[in-house]
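Listed below, chain by chain, are the residues.
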Number of protein chains: 2
Amino acid sequence: MKEGMEGFPVLKVQGEGRNTARDMVATEFPLTIILNEEELTTLLCTPKDLEYLAAGFLASSGFIEGREEIKGIIIDDERGMVRVETKETKEIDRELLSRRYPQAISHINSGLKVKQGQVFSLMDKFQGLSPLFRITGGVHSAALCSEHEILAHSDDIGRHNALDKVFGRCILEDISTDGRIMITSGRVSQEVLLKVAMRKISIILSISAPTDMAVKLAAAFSITLIGFARGRSMNIYTESWRVVAR
Amino acid sequence: MKEGMEGFPVLKVQGEGRNTARDMVATEFPLTIILNEEELTTLLCTPKDLEYLAAGFLASSGFIEGREEIKGIIIDDERGMVRVETKETKEIDRELLSRRYPQAISHINSGLKVKQGQVFSLMDKFQGLSPLFRITGGVHSAALCSEHEILAHSDDIGRHNALDKVFGRCILEDISTDGRIMITSGRVSQEVLLKVAMRKISIILSISAPTDMAVKLAAAFSITLIGFARGRSMNIYTESWRVVAR
């Protein structure tokens, strides 16, 4: 069985025709995150890169800041649990689970500039990366990039999980996110914008649409927000000086 | 200003060209739901049909079952709050907010059958219905249908909200959902499947992909699950006897 998907029988209807076939469907896996013996939450996710997801979720929610705080991560696939232990155990602030601004976010000062041809080329690479999407049509992808290449990539049935997996990998493998580009297949809502702002991303690039709040927050933090990046076109909503013609 | 959207300046890049324009972006609005003076949750949503969203959210979460329990719904647009009062006030079970199976779900016995041409025709009508999607490209839609026509339709930046708005309208306006068809633009996850199962929907029809858990639960409850319904084609994953060739 392929990772993150399962085959099911399906009746394919096309016009007046009907054929039975077998199709791959994205797997939905409940993962309970346990921090220092205390159950935090259960995420529905794609069952791969679970240590990245756990680290990224904890960082995005404000429970941890960096790898040096983590003592160990134990994945229990069978029971759908991941146990994270930190070196110092402080009392868990459950309010973090429902707060929108988990920590202070600073203005993005990065002077990063990319050529618009480089942006299209990163999008091409990104779209060639996700076999899970190509096969199931049912997952989101996210990737951290420099101007030239993709540095870390993940996919997941949840668009937030895909981002958290990328950030979790960056945390665990010491990949700096500062001044980088994040590509996402999903819509850019205020929660997505805040998540990338927390990790000091300079440019967020989405195949989909942004919301009004995402546009306003991107302007407030000086993040370049690009939507509808498809083929050789894109819409730049904020800080367009970072994308130069040539 | 149009409902649920706002205009923003945008730099449109196409190939090597660059043009400034003004584009409509979907509005993201925080709505706090207050049940009998107690704050339950804050949803990020499209600010229209808020009374439907409140009623649908309360029903989907298991706080109410029908319209007869509701004494009043007061929308406070300015402060982003909706206050729902019920006739009887019982202690609020906050566990309902995080539970996946808010109530017992029974097997769907409906003998509903539709012709595949009718399904395509409903999809055509559905796709013509959402001006917010056509203009912003950034919202989800949901619609309750009989074999012949669309009975209730809503859109929202959240795919769960769009479904809850349709169910809320059905509750407030006494439209039966029993044995009906639900169309959604969003992916069908286990949470979506459970939500439609609770309201006794017979057929769920999506433009997007299902997850493995949605397919398994649809089989368990005898719901017809259709995915990738686009143009004149669709994939029927379960209970395909409800869709007849002619």
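The following paragraphs examine the structure supplied in this document.

Analysis parameters
Residues numbered from 1 in each chain as written. Chains lettered and ligands numbered in written order. Predicted model: local features only at pLDDT ≥ 70, side-chain atom pairs only at ≥ 80, totals over all residues. Heavy atoms only, no water. Least-squares fit on C-alpha atoms with pLDDT ≥ 70 in both. Contact = heavy atoms within 4.5 Å. Salt bridge = Lys/Arg side-chain N within 4 Å of Asp/Glu carboxyl O. Buried < 20%, exposed > 50% of the residue type's maximum accessible area, 1.4 Å probe, protein only. Helix = DSSP H or I, 4+ residues; strand = E, 2+ residues; numbered from the N terminus. Buried area = accessible area lost by both parts, 1.4 Å probe. Polar contact = N/O pair within 3.5 Å; in protein donor to acceptor, adjacent residues only side chain to side chain. Nonpolar A, V, L, I, M, F, W, Y, C, P; charged D, E, K, R; others polar. Pairing = 2+ DSSP bridges. Axes fitted to C-alpha atoms, helices over the stretch in contact; angles between N-to-C directions.

## Regarding the relation of the copies chain A and chain B
Part 1 of the argument: Each copy superposes on the other: chain A lies on chain B with an RMSD of 0.0 Å after a rotation of 180 degrees and an axial shift of 0.0 Å. Classification of the inter-copy transformation places it as that of a two-fold axis.
Part 2 of the argument: Looking at chain A, 100% of its interface residues are interface residues in chain B too, so the copies touch through the same face.

## Let's talk about the pattern of salt bridges
Part 1 of the argument: Within the structure shown, the criterion is met by 24 salt bridges over all chains.
Part 2 of the argument: Between A:Lys165 and A:Asp156 there is a salt bridge, with its nearest N and O atoms 2.7 Å apart. Across this residue pair, the class does not change: A:Lys165 and A:Asp156 are buried.
Part 3 of the argument: Between B:Arg67 and B:Asp174 there is a salt bridge, with its nearest N and O atoms 2.7 Å apart. Separated by 107 residues along the polypeptide, B:Arg67 in the loop between helix H1 (50-60) and strand S5 (70-76) and B:Asp174 in the loop between helix H4 (159-172) and strand S10 (181-184) bring together distant segments of the chain.

## Quick notes on the interface of chain A and chain B
Part 1 of the argument: Counting residues at the interface gives 51 residues for chain A and 51 residues for chain B.
Part 2 of the argument: Contact between chain A and chain B buries roughly 4100 Å² in total, counting both sides, with carbon and sulfur atoms accounting for 48%.
Part 3 of the argument: With its nearest N and O atoms 3.0 Å apart, the salt bridge here joins B:Glu6 to A:Lys216.
Part 4 of the argument: Along the contact surface separating chain A from chain B lie 33 residue pairs in polar contact (both at pLDDT 80 or more).
Part 5 of the argument: When contributions to the side of chain A that touches chain B are tallied by element, the ones reaching two or more residues are strand S1 (5-14), strand S2 (17-26), strand S4 (38-45), helix H2 (116-127), helix H5 (190-198), helix H6 (212-221), strand S13 (233-236) and strand S14 (243-244) of chain A.
Part 6 of the argument: The element contributing the most residues to the side of chain A that touches chain B is S1(A), with eight residues.
Part 7 of the argument: Of the residues assigned to the side of chain A that touches chain B, the class counts are 22 nonpolar, 16 polar and 13 charged.
Part 8 of the argument: Two strands pair when backbone bridges link them, and S13(A) and strand S1 (residues 5-14) of chain B are joined in this way by four bridges, in the antiparallel orientation. Paired with A:Met234 across the strands is B:Val13, a residue of S1(B).

## Details of the sheet that holds strand S3 (residues 29-35) of chain B
The pairing of strands in a sheet happens through backbone hydrogen bonds and is either parallel or antiparallel.
Residue and element names in this part refer to chain B.
Part 1 of the argument: Spatial ordering of the open sheet is given by S4-S3-S6-S5, a layout of four strands whose pairing is mixed. The open sheet has two edge strands, strand S4 (38-45) and S5, and neither has a second partner. The mean inter-strand angle of the sheet, taken between neighbouring strand axes irrespective of direction, is 20 degrees.
Part 2 of the argument: One ladder, built from four bridges, connects S3 with strand S6 (residues 81-86); its direction is parallel.

## Digging into the pairing of strand S6 (residues 81-86) of chain A
Part 1 of the argument: Here strand S5 (residues 70-76) of chain A runs beside S6(A); their pairing, made up of six bridges, is antiparallel. Within the sheet, the bridge partner assigned to A:Asp76 lies in S6(A) and is A:Met81.

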